[in-house]
Amino acid sequence: MADLKAENNTISGQTPKTIVDFDPPKKPGMNMYAIACAVLASMACVLIGYDIGVISGAIIYIKEDLRITDVQVEILVGILNLYCLIGSFAAGRISDWIGRRYTIVVAQAIFFTGAILMGFATNYAFLMAARFIAGVGVGFAAMIAPVYTAEISPASTRGFISSFPEVFINVGILLGYVSNYAFSKLPTHLGWRLMLGAGAIPSVMLGFVVFVMPESPRWLVMQGRLGDATRVLDRTSDSKEEAHLRLAEIKEAAGIPENCNDDVVQVTKRSHGEDAWKELLLRPTPSVRHILIAALGIHFFQQASGIDSVVLYSPRIFEKAGIKSTNDKLLATVAVGFTKTTFILVATFLLDRIGRRPLLLSSVAGMIVSLMGLGTALTIIDHSDQKLTWAVALCMATVLSFVAFFSIGMGPITIVYSSEIFPLKLRAQGVSMAIAVNRVTSGVLAMTFYSLSKGITTGGAFFLYASIATVSWVFFYIILPETRGRTLENTEALFGNLGWKFAKCRDKNDEQGGQQTSVKQT
């Protein structure tokens, strides 16, 4: 019978079909080389996280040892974020000049110097100067790691790979919390210096590891090094066809003719940052204006929703909740770091499956509920004359749920989204601006949390953060389109209409209305 069917197919001119013909095309597997490159580059962000985590516990002992005021504590904790501005803006220009890879080396060297000096600080002024140097290094790392990972990643896994910087920030925070607990048993004058100085150790190792990484293919094309860029793209793409497509799109963005295939070509206008600031700020196209609003907005709201107040001042929050033992407070912060790191790892696998928008909106909604719960619990504790165990438990639960919801969406998507939406020639400067907004907002919150808590109570502060998070949800829903699955060069096409969401709903309604009219006529 089977032979008869095969014969009939042959006579009719049809090719016999096999079970393979009915199988759906297989999705490309993970490109392990691209993942390895992104991991190495993202390890620079351990420095950012370590400083955030370690200062939250070290400040308890610094305040005792150097006998500084609450205002000085706020400045010491938050000022590093403002120092980051210098590093962030400088990194944008320098990365276009010397390349993404060597800029990571510069970041490690600067932070190493700052960490060593913090470890040897003898007074408040010395410590502030050392944090200035470390802050510049943190600014370099915060800007260059997301740019490199986005530019090295294939489109199919860019969300997964581009979330690595945020993963390593969280790893650094956890290491900082663990360092606080480990060195807390030492004499006060020695413990906090070792906490801060230990940050120099990873920067040394990471500085050497960077040399085994390839340069960003997009930077290579902008320098006219097409042969080198092709070799990197061949190794970091899911297929040869994708490598050719990525190269053609990058060449078009760089103004290089598509039929030009020499190993080295002369680029008439090299990207060292010339005119990029004018295109971003003075004469942006509608799409660039939309991109800039989206990038600056997501970075502002990420910090304005209060994440650094929780991460930096978690010992203070737990003290307000009724946990008095320093040892218990430091252990509770380790739980915060562990929760944050666990959920950021979960997020890396969801970004390319669920998409940026659904994950971001769900994350912010969870953050709003958690912040309202934390504000309520702290307010009840403030107005109670006795210890309420259930309220303390609620504080712990809502702090952990807040960092969990943040880490599963708002945390990684901010870096992923902002690093993938800017056009190639504006990417370094655009990401620098976004990081600057992020760090300024974080610095303002860090330097005002004590004062804000005294002015409107600690519970009131978290109600304020919940209100800001609610505004952010509306902003994200209206302004941010989905970018999942798009190549970096095609992402710009999604932008240009700030009212895209309303236009989409209107078109959908018009389409439904047209269908109903057709049915009635029929």
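Residues numbered from 1 in each chain as written. Predicted model: local features only at pLDDT ≥ 70, side-chain atom pairs only at ≥ 80, totals over all residues. Heavy atoms only, no water.

(A) Quick look at the side chain of Gln303. The residue Gln303 is located in helix H15 (residues 286-304) in this model. Every residue in contact with Gln303, bar those within four places of it in the chain, is listed here: Asp308, Asn438, Arg439, Thr441, Ser442 and Leu445. (Helix = DSSP H or I, 4+ residues; strand = E, 2+ residues; numbered from the N terminus. Contact = heavy atoms within 4.5 Å.)

(B) Just a nonpolar patch on the surface, in detail. On the surface, a nonpolar cluster with roughly 780 Å² of combined accessible area is contributed by Tyr102, Phe112, Ile116, Phe120, Phe126, Val204, Phe208 and Phe211. For the nonpolar patch, the secondary-structure elements that each account for two or more residues are helix H5 (100-119) and helix H10 (200-209). Counting residues per element, the nonpolar patch draws most heavily on H5, at three residues. Within the fold, Phe126 resides in helix H6 (residues 124-152). Look at Phe126 and you get partly exposed, because its relative accessible area is 32%. (Patch = residues over 30% accessible without salt bridge, like charges linked within 9 Å, V, L, I, M, F, W, Y side chains within 5 Å. Areas by Shrake-Rupley, 256 points an atom, 1.4 Å probe, with all protein chains shown as cover. Salt bridge = Lys/Arg side-chain N within 4 Å of Asp/Glu carboxyl O. Buried < 20%, exposed > 50% of the residue type's maximum accessible area, 1.4 Å probe, protein only.)

(C) Geometry of the side chain of Asn180. Checked against the element boundaries, Asn180 lands in helix H8 (residues 164-183). Engagement of the side chain of Asn180 in a polar contact is seen with the backbone oxygen of Val54, the distance being 3.4 Å. If we skip the residues at most four places from it in the chain, Asn180 touches Gly53, Val54, Ser56, Gly57, Ala58, Met195 and Leu330. (Polar contact = N/O pair within 3.5 Å; in protein donor to acceptor, adjacent residues only side chain to side chain.)

(D) Geometry of unusual backbone geometry. Of note, the phi angle at Arg67 is positive, near 55 degrees, even though the residue is not glycine. Its location among the elements puts Arg67 in the loop between helix H3 (46-66) and helix H4 (70-98). Since its relative accessible area comes to 77%, Arg67 is described here as exposed. Of note in the backbone geometry, Thr457 takes a positive phi value of approximately 75 degrees without being a glycine. On the secondary structure map, Thr457 appears in helix H22 (residues 449-479). By relative accessible area, Thr457 is classed as partly exposed at 36%.

(E) Quick look at the nonpolar core. Counting 142 residues, the largest nonpolar core has Ile62, Leu127, Trp192, Leu196, Phe462, Phe476 and Leu480 as the members making the most contacts within it. The greatest single-element share of this core, amounting to 16 residues, is contributed by H6. If you count residues domain by domain, this core takes at least three from each of domain 1 (31-257) and domain 2 (275-502). The contact partners of Trp192, leaving out residues within four places of it in the chain, are Ala58, Tyr61, Ile62, Asp65, Leu66, Met118, Ala121 and Leu127. (Core = buried A, V, L, I, M, F, W, Y, C linked by side-chain atoms within 4.5 Å. Domains from an automatic or database assignment.)

(F) Quick peek at the environment of Ser401. Tracing the chain through its elements places Ser401 in helix H20 (residues 389-421). In sequence terms Ser401 and Gly366 are 35 residues apart; their C-alpha atoms lie 7.9 Å from each other.

Purely spatial values, then, with no claim about function.
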